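Here are the chains, one letter per residue:
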Amino acid sequence: MAKTSKANTKEKKEKKSTITKKQNQSNEKESKLLVKESEEPLDPVEKSVISKLVNLYTLQSIDSQIDKIRIIRGELPLEVQDLQDEIEGLKTRLNNYIDEIGEKEKSIASYKHGIEQSRLLIEKYKENLNKIRNNREYESILKEIEYQELEIELYEKKIREAKAKIEQLKNDIEKLKKEIASKEEILKEKEAELQEIVKETEKEEKYLLQLREEAWNNIDDRYKKAYQRIRSSVKNGLAIVKIERDACGGCFSKIPPQQQLEIKMHKKILICEYCGRILVDDYIAEKVKINELFASADTEN
Ligand SMILES: [Zn+2]
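Residues numbered from 1 in each chain as written. Predicted model: local features only at pLDDT ≥ 70, side-chain atom pairs only at ≥ 80, totals over all residues.

**A word on the overall build of the protein chain**
When you go through the protein chain residue by residue, the secondary structure sums to eight helices and three strands. Scanning the protein chain from its N terminus toward the C terminus, one meets helices and strands in the order α-α-α-α-α-β-β-α-β-α-α. For the protein chain, with 301 residues in total, the buried portion stands at 16%. (Helix = DSSP H or I, 4+ residues; strand = E, 2+ residues; numbered from the N terminus. Buried ≥ 20, exposed ≤ 12 C-beta atoms within 10 Å, placed from the backbone.)

**Description of the confidence of the model for the protein chain**
Here the protein chain averages 85 in pLDDT, while 82% of its residues score no lower than 70. Taken as a whole, residues 295–301 scores under 50 in pLDDT and shows six contacts with residues more than four places along the chain or in a different chain. (pLDDT = per-residue confidence, 0-100. Contact = placed C-beta atoms within 7 Å.)

**A short note on the nonpolar core**
Core analysis: the biggest nonpolar cluster contains 26 residues, and Leu 53, Leu 56, Tyr 57, Ile 240 and Leu 279 have the highest contact counts within it. If you list the elements that add at least two residues to this core, you get α3 (44–129), α4 (135–217), α5 (221–233), β1 (240–244) and β3 (278–280). Looking at this core element by element, the count peaks at seven residues for α3. With near-sequence residues (within four places) excluded, Tyr 57 lies in contact with Ile 240, Val 280, Ile 284, Ala 285 and Val 288. (Core = buried A, V, L, I, M, F, W, Y, C linked by C-beta atoms within 7 Å.)

**Quick look at α4**
An ideal rise of 1.5 Å per residue puts 123 Å on 83 residues; α4 measures up with 114 Å between its terminal C-alpha atoms. Buried residues of α4: Gln 148, Tyr 155, Leu 208, Leu 211 and Ala 215, and no others. (Expected span 1.5 Å × (residues − 1).)

**Re the pairing of β1**
Regular strands place side chains that alternate from one sheet face to the opposite one. For β1 and β3, the ladder comprises three bridges, and the chain directions are parallel. Within the sheet, the bridge partner assigned to Ile 240 lies in β3 and is Ile 278. Sheet topology note: the β1/strand β2 (residues 247–248) ladder contains two bridges and is antiparallel. Opposite Ile 243, over in β2, you have Cys 248 as the bridge partner. Here β1 folds back onto β2 in antiparallel fashion, the turn holding two residues, of which Arg 245 has a positive phi close to 45 degrees. (Pairing = 2+ DSSP bridges.)

**Digging into the environment of Glu 191**
Along the chain, Glu 191 turns up in helix α4. Residues Glu 191 and Val 80, 111 residues apart in the sequence, show an inter-C-alpha distance of 6.7 Å.

**Remarks on the environment of Glu 146**
Structurally, Glu 146 can be placed in helix α4. A sequence separation of 24 residues divides Glu 146 from Ile 122, and the C-alpha atoms of the two residues are 8.7 Å apart.

**Remarks on the packing of α3 against α4**
Contact geometry of α3 with α4 gives a least axis separation of 5 Å together with a crossing angle of 165 degrees. Between α3 and α4, the interaxial angle falls into the category roughly antiparallel. Judged by the sense of rotation from one axis to the other, the crossing of α3 with α4 is left-handed. Taken together, the residues that form the contact of α3 with α4 break down as 42 nonpolar, ten polar and 24 charged. (Axes fitted to C-alpha atoms, helices over the stretch in contact; angles between N-to-C directions. Parallel < 35°, antiparallel > 145°, perpendicular 65-115°, else oblique. Left-handed = near helix turned anticlockwise from the far one by under 90°. Nonpolar A, V, L, I, M, F, W, Y, C, P; charged D, E, K, R; others polar.)

**Some thoughts on the sheet that holds β2**
Read from one edge to the other, the open sheet built from three strands follows the order β2-β1-β3, with strand pairing classed as mixed. If you trace the sheet from one side to the other, it starts and ends with β2 and β3, each paired once.

**What about unusual backbone geometry?**
A positive phi is found at Arg 245, a non-glycine position, where the angle reads about 45 degrees. Positionally, Arg 245 belongs in the loop between β1 and β2. A count of 8 C-beta atoms within 10 Å places Arg 245 in the exposed class. Located in the positive-phi region is Phe 252, a residue other than glycine, with phi close to 65 degrees.

The following block contains the structure:
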């Protein structure tokens, strides 16, 4: 962090938002920020290549930050949506349980009706017993009575089962109601968080887009096209990458020592032979102060 002590005290005095702070910092550094002239004497070719690479890497850094913001803003709405869907699903299940209780109660009523019917029949059969003429009729009526008694037992069993099921459903409903309530609580928090993030990031994005315009104007048309072409063809949006641990920062393929040396010499703009991204060395990356600006903004948050 190359913040001067002056900047530090100034920062402490300011109780403004992070965004304002960032804007102030950027204004102070702006001229150095985009094309920082080297102290070392350079030949014109090297000077020109360094300047191009610094401008490209600056643009990339700004775009990466904008991408990051948009991803954050994109993920939270999805989370909120998922939660809303989940709650919707739980409510549907709750309604199904309630309907099922209604069905069970209807069934119980019909079983009770069945019991009534069987009892009436039994009474009728018992009256008939008085009018019997022979043993066979007597046996037959007794069988009918026995049958209706079994029917009653069966209905009673079904009623017990239905009542047990209703009890279980009522328990499930209680649990479900609690689950819905707690999910709704989380949803409320997430929605508030989302609103806050949208508000925050919109400010930050606006500021970054201003920076981007400036960075964009510092780049030759030829490289603008190359940048857009590479950026749109790769998944992570990185068109300009730093060499990290001897590998391409975009696709992580090893960069041969000879090519690394050429990149360090800044005689021409070189690309990763595996993914086609433009490569920069630490020397270039360190010149792009925008990274530092974001890093310090992040730790302050
Ligand atoms: Zn690569």
